[in-house]
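As a plain string of letters, each chain reads:
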Amino acid sequence: MNENECLLREIDSLKKENQSLKESLVLNETQGKEYSTLFDTMNEGVAFHDLVYDNSGFPVDYVIRQINPAFEKIFKINRTDVIGKTFSAVFGYISPNLEVYSKVSETGVPVSFEIYFASLSKYFRVSVYSKHKEKFAAIFEDITHRKQLELALKEKIIRLTSPIDDISNVRFEDLFNIDEIQKIQDAFASATGTAALITDTEGNPITKPSNFCDLCTNIIRKSPKGGANCRKSDIIIGNAGVDGPVFQTCLSGGLIDGAANITIGNYHIANWLVGQVVLEDVNKDLTLEYARQIEVDEVEFKKEFDKVPKMSKERFQAIADALFIIANQISVLALNNLQQARLITSITKNEEKIKALNAELIEKNNELEQIVYVSSHDLRSPLVNIQGFTKVLNEGFDELRNEILSENGLESIRKKTETIINKEMPEAFKFIFGSTKKMDALISGLLKFSRLGRTALNSKLINMNELISEVIKTFEYQIASLGVEVTFSALPNCFGDELLINQVFSNLIDNALKYRENKRKGKITISGIIKNGLAVYTVEDNGKGIPEKFHNQIFDLFKRLDLNSPGEGIGLALVKKIIDKHNGSLWVESESSLGSRFSFSLSVKQAEHE
Amino acid sequence: MNENVNILIAEDDEGHAALIIRNLRKAGLVNNIIHFHNGEETLDFLLKRGSGPHIANSESYLLLLDIRMPKVDGIEVLRVIKKEKELKKMPVFMVTTTDDPKEIENCHDLGCNSYISKPIEYEKFMNAIIQLGLFLLVIQIPEMQKHDG
């Protein structure tokens, strides 16, 4: 019984397994089919390639392994002619994208870029993928239409953004969406029962006529004399009227027309014409006179004339006034549009200028650092000689002196050279050694300073209590021998370059020790707090202090307030540069003879970049 | 060190070269010392170019190499040496005014054996060279002809 149950269960589970296997097979098959349908019907050209390498493993070409119909169509090639052949064999030159392709296949990181094929006059967006070294796939998407729109837009922007005093090349079409203006014009014409049209200042239509009457369209404008009259009228009527709309009776039919100017600033760019209306009080006897003058069929003329809308003079005046208000508003909009476009360009241009200046500044800075670096090394070289050979002289001198002062030395020489060998020469040696050593310290400082500018920050979370203990340890001997009391409270941690921050504290403590007030027991206090999301550290002493007028000079390179005390004027300049490099702030509070407080702030968060 | 080992000094500064030689002698080294004034002269010797003296296969050599030199600098000389099968086992000691950590690292990456910066202070400089001299006294230097092995 049990055995049977087991068997049945096993069969059941096998069945299920079989079923799911079948399903997955079907799924794979459908997926495979779907992929190949996609490959055959997609708009983008797809090609699979194998790279070809030279003897030293350098990619030199690639073989076309598979392409889809879209690719054939785009590049006007036939699948059967190219598969298995190298790119250069098919196209006659090495693919300009070879480097990109080989990089993608080497790194596996997909890349996409835009490219223009002059031979096809087409732009493409190329996306390159690779899952295996030496193989890659490239997908070509035709983006010519988008690129052309971009170019047209660019041209429009150039017209809109030339200098403000040069408006002559700006066109009404650049400032407005003509379709939208057409809608307003059509609506206006149909609401008022008039005809309407917007023309440029030479009478050329910008919009399509709305509501034109057949008299004008089919009879007057089609006759040579009538058409000429119309164009003349259109220009004349559009060229006046700053204070209100202008009116004119047409030369070919006695219809009344009105117009309002559209301007940008003071520059007249278009006219909005309205009219083709017969005023109620018009003298109808003159009508046929017009027909004769423009040499058209009088009967036809009369028939169409009677269909022209008629209205009172007041009514037409009111319509023209409304048009004038609308046209003025459009002018204001036009000016705004133009000013906006120009403002945006000037902002962009300024940004570009700033960018260029910044780049130049960075380059100059790099140059300067390079000069400092090179000259620092070259300045050091002669010093090695001065020190080295002075020492050789000194050694020789010591031997000579010992000889002169020895038992065997001659009394007469001893007497004659006494001042020289006991005072002058030892003094000269002392000054030479002292000066070269100092010069070396200056150059080393300069080197350190320039090196700081050249190297990147190695920013990490710093355990400040550990760091400060280490710093104090290095001063242990000095602190003990000078009898200075150094205390520090628990310090907050921060992010920074540990070596450089160590240098900051070392220099500040070194200064506090150097510039102590001998009259009282020296005291140095190091503290730190978190304030406004920043870690602020302070090194405070009860030393000589710094007069306030020097507070903004002490961070300058080689600046020294007390020329008699030791130092090269580098320590604080280095501190400043390090804190600047961390995007932190550094400040001093000090009163002469009472002591100094140097404080600096650092980030408690990891900076996104240096 | 075998007294037969030749010490090559590539140093454009005559004074520095004189001080180095003086202190090597002071440290007790009696080896043959050859001084080159720039990188090109050094490479001519090592690569057996030009009409001047050339390296001999039967001899052993070590090189004290300055970095900042006219024509071909020390970094370039080091790069060439470490690329040449025949030369790459020759010990190279950088002796230079540069103490830039980056440059030191660069030289080590290129395969220099040691790096000595020339301190201004005479005692330190002398010490460094004497230390080098003492070091040279104890190390074994392969002969050129065995390099291929």
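Residues numbered from 1 in each chain as written. Chains lettered and ligands numbered in written order. Predicted model: local features only at pLDDT ≥ 70, side-chain atom pairs only at ≥ 80, totals over all residues.

## Observations concerning the overall build of chain B
Turning to step 1, where the next piece is worked out: For chain B, the helix and strand inventory stands at 5 helices and 5 strands.
Turning to step 2, where the next piece is worked out: Secondary structure of chain B in N-to-C order comes out as β-α-β-α-β-α-β-α-β-α.
Turning to step 3, where the next piece is worked out: The buried share of chain B, reckoned over its 149 residues, is 37%.
Turning to step 4, where the next piece is worked out: Considering only residue pairs separated by 6 or more positions, chain B has 69% of its internal contacts joining residues 24 or more positions apart. (Helix = DSSP H or I, 4+ residues; strand = E, 2+ residues; numbered from the N terminus. Buried ≥ 20, exposed ≤ 12 C-beta atoms within 10 Å, placed from the backbone. Contact = placed C-beta atoms within 7 Å.)

## Considerations on the overall build of chain A
Turning to step 1, where the next piece is worked out: Along chain A, the regular secondary structure elements total 19 helices and 17 strands.
Turning to step 2, where the next piece is worked out: Buried residues in chain A amount to 26% of all 610 residues.
Turning to step 3, where the next piece is worked out: Sequence separation of 24 or more characterises 62% of the internal contacts of chain A that already satisfy a separation of 6 or more.

## Observations regarding the interface of chain B and chain A
Turning to step 1, where the next piece is worked out: On the side of chain A, 14 residues touch chain B, which itself brings 13 residues to the contact.
Turning to step 2, where the next piece is worked out: Only α1 (14-26) and α5 (122-138) of chain B provide two or more residues apiece to the side of chain B that touches chain A.
Turning to step 3, where the next piece is worked out: With 3 residues, α1 of chain B is the largest single contributor of residues to the side of chain B that touches chain A.
Turning to step 4, where the next piece is worked out: Of the residues belonging to the side of chain B that touches chain A, the class tally is 4 nonpolar, 4 polar and 5 charged. (Nonpolar A, V, L, I, M, F, W, Y, C, P; charged D, E, K, R; others polar.)

## Side note on the sheet that holds strand β2 (residues 33-36) of chain B
Residue and element names in this part refer to chain B.
Turning to step 1, where the next piece is worked out: The sheet built from 5 strands is open, its strands ordered β2-β1-β3-β4-β5 with parallel pairing. Among the strands making up the open sheet, the edge pair consists of β2 and β5 (114-117). The mean angle between the axes of side-by-side strands here comes to 20 degrees, regardless of whether they run parallel or antiparallel.
Turning to step 2, where the next piece is worked out: Across 4 bridges, strand β1 (residues 6-10) lies against β2 in parallel orientation. For I9, the partnering residue across the bridge sits in β2 and is H35.
Turning to step 3, where the next piece is worked out: The strands touched by α1 are β1, β2, β3 (61-65) and β4 (92-96); relative to β1, the strand with the most contacts, the crossing angle is about 155 degrees. (Pairing = 2+ DSSP bridges. Axes fitted to C-alpha atoms, helices over the stretch in contact; angles between N-to-C directions.)

## Some details on the sheet that holds strand β17 (residues 595-603) of chain A
Backbone-to-backbone hydrogen bonds join strands into a sheet, with any given pair of strands oriented parallel or antiparallel.
Residue and element names in this part refer to chain A.
Turning to step 1, where the next piece is worked out: Reading across the sheet, the 5 strands line up as β12-β14-β15-β17-β16 and stay open at both edges, with mixed pairing between neighbours. Each having just a single partner strand, β12 (485-488) and β16 (585-591) make up the two edges of the open sheet. Within this sheet the neighbouring strands show an average axis-to-axis angle of 15 degrees, counted without direction.
Turning to step 2, where the next piece is worked out: Note that β12 and strand β14 (residues 523-531) share 4 bridges and pair parallel. The residue bridging E485 from the neighbouring strand is K523, located in β14.

## Some points on unusual backbone geometry
All names here are of chain A.
Turning to step 1, where the next piece is worked out: Phi is positive for K76, close to 55 degrees, though the residue is something other than glycine.
Turning to step 2, where the next piece is worked out: In this structure, K76 sits in the loop between α2 (69-75) and α3 (79-82).
Turning to step 3, where the next piece is worked out: Positive phi, normally seen in glycine, also occurs at N583, with a value near 60 degrees.
Turning to step 4, where the next piece is worked out: Secondary-structure assignment places N583 in the loop between α19 (571-581) and β16.

## Here we look at the environment of R292 of chain A
Turning to step 1, where the next piece is worked out: Its location among the elements puts R292 of chain A in helix α11 (residues 286-293).
Turning to step 2, where the next piece is worked out: Along the sequence, R292 of chain A and S252 of chain A sit 40 residues apart, while their C-alpha atoms lie 9.7 Å from each other.

## Digging into the packing of helix α18 (residues 498-514) of chain A against α19 of chain A
Residue and element names in this part refer to chain A.
Turning to step 1, where the next piece is worked out: Where α18 contacts α19, the axes come no closer than 9 Å and their chain directions differ by 150 degrees. In this structure, α18 meets α19 at a crossing whose hand is left-handed. Of the residues in α19, those touching α18 at L500, Q503, V504, N507, L508, D510 and N511 are G571, L572, L574, V575, I578 and I579.
Turning to step 2, where the next piece is worked out: When its residues are assigned to classes, the contact of α18 with α19 shows 8 nonpolar, 4 polar and 1 charged. (Left-handed = near helix turned anticlockwise from the far one by under 90°.)

## Describing the packing of helix α13 (residues 313-405) of chain A against α1 of chain B
Turning to step 1, where the next piece is worked out: Direction vectors running N to C along α13 of chain A and α1 of chain B enclose 40 degrees, while the axes themselves pass 9 Å from each other. Classified by the angle between their axes, α13 of chain A and α1 of chain B sit oblique to one another. Along this stretch, α13 of chain A crosses α1 of chain B, giving a crossing that reads as left-handed. Contact residues: V384, N385, G388 and F389 of chain A in α13 of chain A; G15, H16 and L19 of chain B in α1 of chain B.
Turning to step 2, where the next piece is worked out: For the contact of α13 of chain A with α1 of chain B, the residue count by class is 3 nonpolar, 4 polar and no charged. (Parallel < 35°, antiparallel > 145°, perpendicular 65-115°, else oblique.)

## A short note on the nonpolar core
All names here are of chain A.
Turning to step 1, where the next piece is worked out: Among the nonpolar cores identified, the biggest contains 47 residues, and F172, I262, W272, L273, V274, L323 and A327 are the most heavily contacted of them.
Turning to step 2, where the next piece is worked out: In terms of residue count, α13 provides more of this core than any other element does, 9 residues in total.
Turning to step 3, where the next piece is worked out: Ignoring sequence-local partners within four residues, the contact set of W272 consists of I198, A259, A260, I262, L323 and A327.
Turning to step 4, where the next piece is worked out: Counting 34 residues, the second-largest nonpolar core is a separate cluster that includes I462, V484, I526 and I578. (Core = buried A, V, L, I, M, F, W, Y, C linked by C-beta atoms within 7 Å.)

## Re the pairing of strand β1 (residues 45-53) of chain A
Residue and element names in this part refer to chain A.
Turning to step 1, where the next piece is worked out: The pairing of β1 with strand β5 (residues 135-142) spans 6 bridges and is antiparallel. From the neighbouring strand, D50 faces β5, where its bridge partner is K135.
Turning to step 2, where the next piece is worked out: Bridge analysis of β1 against strand β2 (residues 59-67) gives 7 bridges, and the strand direction is antiparallel. Looking at β2, one finds that V52 is bridged to D61.
Turning to step 3, where the next piece is worked out: Counting the residues in the hairpin turn of β1 and β2 gives 5 residues, including G57, whose phi is positive at 80 degrees.

## Details of the environment of E470 of chain A
Turning to step 1, where the next piece is worked out: Inspection of the secondary structure puts E470 of chain A in helix α16 (residues 464-474).
Turning to step 2, where the next piece is worked out: Residues E470 of chain A and N502 of chain A lie 32 residues apart in sequence; the distance between their C-alpha atoms is 8.5 Å.

## Side note on the confidence of the model for chain B
Turning to step 1, where the next piece is worked out: Averaged over chain B, the pLDDT score is 81; the fraction of residues at 70 or greater is 81%.
Turning to step 2, where the next piece is worked out: Mean pLDDT across the elements of chain B bottoms out in α5 of chain B (68) and peaks in β2 of chain B (94). (pLDDT = per-residue confidence, 0-100.)

## Regarding α16 of chain A
All names here are of chain A.
Turning to step 1, where the next piece is worked out: Within the sequence span of α16, burial applies to M464, L467, I468 and V471. One side of α16 holds all its buried residues, which, seen down the axis, span an arc of 95 degrees. Every exposed residue of α16 that faces more than 90 degrees away from the buried side is listed here: E466, S469 and K473.
Turning to step 2, where the next piece is worked out: Residues of α16 that are buried in the fold lie against β11 (459-462), β12, β13 (494-497), α18 and β14. (Arc of directions from axis to C-beta.)

## Considering the environment of I157 of chain A
Residues and elements named next belong to chain A.
Turning to step 1, where the next piece is worked out: Position of I157 among the secondary structure elements: in helix α6 (residues 144-160).
Turning to step 2, where the next piece is worked out: For I157, a count of 15 C-beta atoms within 10 Å corresponds to the partly exposed category.
Turning to step 3, where the next piece is worked out: Separated by 185 residues in the primary sequence, I157 and R342 place their C-alpha atoms 9.0 Å from one another.

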